[in-house]
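Next come the chains, spelled out residue by residue.
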Amino acid sequence: MPADSLPTYADVEAAATVIEGRAHRTPVLRSRRLDERAGCEIHLKAEHLQRVGAFKFRGALNALSAFDAGQRRGGVIAYSSGNHAQAIALAARETGMPAVIVMPHDAPEAKVAATRGYGAEVVRYDRYTQDREQIAADLAAERGMTVVPPYDHPHVIAGQGTAVKELLEDSGALDVVVTPLGGGGLLSGSILAAGALAPRARVYGVEPAAGDDGRRSLREGRIVTIETPRTLADGAQTTHLGHLTFPIIRDGVTDVVTATDEELVGAMKVMAGILKQVVEPTGVLALAAVLSGAIPDTAGLRVGVLLSGGNVDLARFAELVGAP
Ligand SMILES: *Cc1c(COP(=O)(O)O)cnc(C)c1O
């Protein structure tokens, strides 16, 4: 598949075969107390329990598995605020190739340490003044490495789509599917999976209120670029959708809605208090939007909610969840 071609559901199916037995088939969590509180039947796809603690391992493993012999020798380079970095680092180790990760200075230390722990070399940059894509491109040219971007890549999108494929296989047809939205790899893959397995389901993306470029892009019919948003949701601090993710989202999404930082903390408290689960702020974007009512007309329906990641420093988690 050429790097600029739009993936289809067939690519999601192929990705599912590639990652089978290597990525976890994560559980779907249910809670009556949560359903009562939300007024609908919530099916939580627990990707915070995925390897590296986020769904990103799916796309990374699928992308690296498609490398040819020459690309494997040169290795992989990635830029990321955290979870894509860890995912690429582990996938590189498992597929036996070197990895360089370009990470912002203010990335959570737990994520930086985990990335190094998987054997990758970490190069840091200032996310408010430097262009990470340029840094990665320069390093790739210097060292003969292949860049795997965090979302705008057909194999990454197809890999991310396997999470909602599993959710729909395990829970049956859902009425509504809700996922977090950063650059759109997860949402566009989810749209491909839902389009094939639950064509009548409404599909929503949820982004941080501080950075609603996705919603604006949908309204304006073009990719809108914003300043790096300041939000607790560090995994969704993207400034624009991708050239591959945008058309898939434009044509397949029901709507894009937002959640505030306060709503994210509320949803983290629900996950900790009711479900006994540690989920990072970005990871509860979808749940926060269901609980706030930002997703319209869910009463009594079967709603799939993607919990995207669980990588948060414990001290930070305690501070957020412990506050009254
Ligand atoms: C990357 C990430 C997202 C956003 O995914 P995109 O494919 O960029 O839209 C959401 N949640 C977590 C935990 C992530 O790591």
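Preceding this section is the structure that the text describes.
The rules behind these values
- Residues numbered from 1 in each chain as written.
- Predicted model: local features only at pLDDT ≥ 70, side-chain atom pairs only at ≥ 80, totals over all residues.
- Heavy atoms only, no water.
- Helix = DSSP H or I, 4+ residues; strand = E, 2+ residues; numbered from the N terminus.
- Rg over C-alpha atoms; globule rule 2.2 N^0.38 Å.
- Contact = heavy atoms within 4.5 Å.
- Lys, Arg positive; Asp, Glu negative; His and termini not counted.
- Charge placed at Lys NZ, Arg CZ, Asp CG, Glu CD.
- Core = buried A, V, L, I, M, F, W, Y, C linked by side-chain atoms within 4.5 Å.
- Buried < 20%, exposed > 50% of the residue type's maximum accessible area, 1.4 Å probe, protein only.
- Arc of directions from axis to C-beta.
- Expected span 1.5 Å × (residues − 1).
- Near = heavy atom within 4 Å.
- Polar contact = N/O pair within 3.5 Å; in protein donor to acceptor, adjacent residues only side chain to side chain.
- Areas by Shrake-Rupley, 256 points an atom, 1.4 Å probe, with all protein chains shown as cover.
- 1 Å grid on protein atoms, 1.4 Å probe; cavity = no way out; pocket = protein on both sides within 12 Å on 5 of 7 lines; lining within 4 Å.
- Sits in = over half its atoms within 2 Å of the grid points.
- Nonpolar A, V, L, I, M, F, W, Y, C, P; charged D, E, K, R; others polar.
- Salt bridge = Lys/Arg side-chain N within 4 Å of Asp/Glu carboxyl O.
- Points joined across faces, edges and corners; volume = space filled by probe spheres on them.

1. Observations concerning the overall build of the protein
Each helix and strand in the protein was counted, giving 14 helices and 10 strands. Taking 324 residues into account, the globule formula puts the C-alpha radius of gyration at 20 Å, and the protein, at 18 Å, falls close to it. On the principal axes, the C-alpha backbone points of the protein span a range of 55 × 45 × 40 Å. Summarising the internal contacts of the protein: among those between residues at least 6 apart in sequence, 73% fall at separations of at least 24. Here the protein holds 32 positive side-chain charges and 38 negative ones, and the gap between their average locations is 4 Å.

2. What about the nonpolar core?
Judged by nonpolar contacts, the single largest core of 40 residues is most densely connected at Ile42, Leu44, Val178 and Ile295. For this core, the element with the highest residue contribution is helix H12 (residues 261–273), accounting for 7 residues. Setting aside residues up to four positions removed in sequence, Leu44 forms contacts with Pro27, Val28, Leu29, Leu34, Met271, Leu275, Leu287, Val305 and Leu307.

3. Focus on unusual backbone geometry
Phi angles above zero are rare outside glycine, and Lys276 is one such case at about 60°. Looking at the secondary structure, you find Lys276 in the loop between H12 and helix H13 (285–292). Despite not being glycine, Asp297 has its phi angle at roughly 50°, a positive value. Following the sequence through the fold, Asp297 ends up in the loop between H13 and strand E10 (302–307).

4. Structural notes on helix H6 (residues 109–117)
Along an α-helix, a turn takes 3.6 residues, which lines up residues three or four apart on a common side. Residues of H6 that are buried include every one of Lys111, Val112 and Thr115, and no others. With its buried residues spanning 100° around the axis, H6 presents them on a single face. On its buried face, H6 is in contact with helix H5 (83–95), strand E4 (99–104) and strand E5 (121–125).

5. Things to note about H12
Along its 13 residues, H12 runs 18 Å from first to last C-alpha, staying within 8% of the 18 Å computed at 1.5 Å per residue. What H12 keeps buried is the set Leu264, Val265, Ala267, Met268, Val270, Met271 and Ala272. Residues of H12 that are buried sit in contact with helix H2 (32–38), strand E2 (41–46), strand E9 (255–259), H13, E10 and helix H14 (314–322).

6. Some words on the site of the ligand
Within the structure, the ligand sits among 15 residues, and Lys56, Asn83, Gly182, Gly184 and Ser308 are positioned closest to it. Asn83 is positioned such that a nitrogen or oxygen atom in its side chain is 2.8 Å from an oxygen atom of the ligand. Contact with the protein chains covers 97% of the free accessible surface of the ligand, which is 380 Å². Cavity membership is defined here by more than half of the atoms lying within 2 Å of grid points; on that basis the ligand lies in the largest pocket. Split by residue class, the shell around the ligand holds 4 nonpolar, 9 polar and 2 charged.

7. Things to note about the pattern of salt bridges
As a working rule, side chains carrying opposite charge can pair if their charged atoms are close by. Counted by the stated rule, this structure contains 16 salt bridges. The salt bridge partner of Glu169 is Lys165, with a shortest N-O separation of 2.7 Å. Here Glu169 and its partner Lys165 are both found in helix H8 (residues 154–171), 4 residues apart, which amounts to about one turn of the helix. By relative accessible area, which is 13% here, Lys165 ends up buried. A salt bridge links Arg219 to Asp255; the nearest nitrogen and oxygen atoms lie 3.2 Å apart. Here the residue Arg219 occupies a position in helix H10 (residues 213–220), and Asp255 occupies one in strand E9, the gap between them amounting to 36 residues.

8. Section: the layout of surface pockets
In this approach a probe as big as a water molecule rolls over the atoms, and the regions it shows empty are the leftover space. By volume, the largest pocket amounts to about 600 Å³. Forming the walls of the largest pocket are 38 residues, and the residues nearest its centre are Arg132, Tyr151, Gly235, Gln237 and Thr238. Broken down by secondary-structure element, the contributors of at least two residues to the lining of the largest pocket are H5, helix H7 (132–143) and helix H9 (185–197). Here the element with the most residues in the lining of the largest pocket is H9; it accounts for 3 residues. Split into classes, the residues belonging to the lining of the largest pocket amount to 10 nonpolar, 20 polar and 8 charged. What the second largest pocket holds in volume is close to 280 Å³. Along the walls of the second largest pocket sit 15 residues, with Asp106, Pro108, Leu232, Asp234 and Arg316 positioned nearest its centre. Looking at the lining of the second largest pocket residue by residue, the classes come out as 6 nonpolar, 3 polar and 6 charged.

Read these as geometric descriptors, not functional statements.
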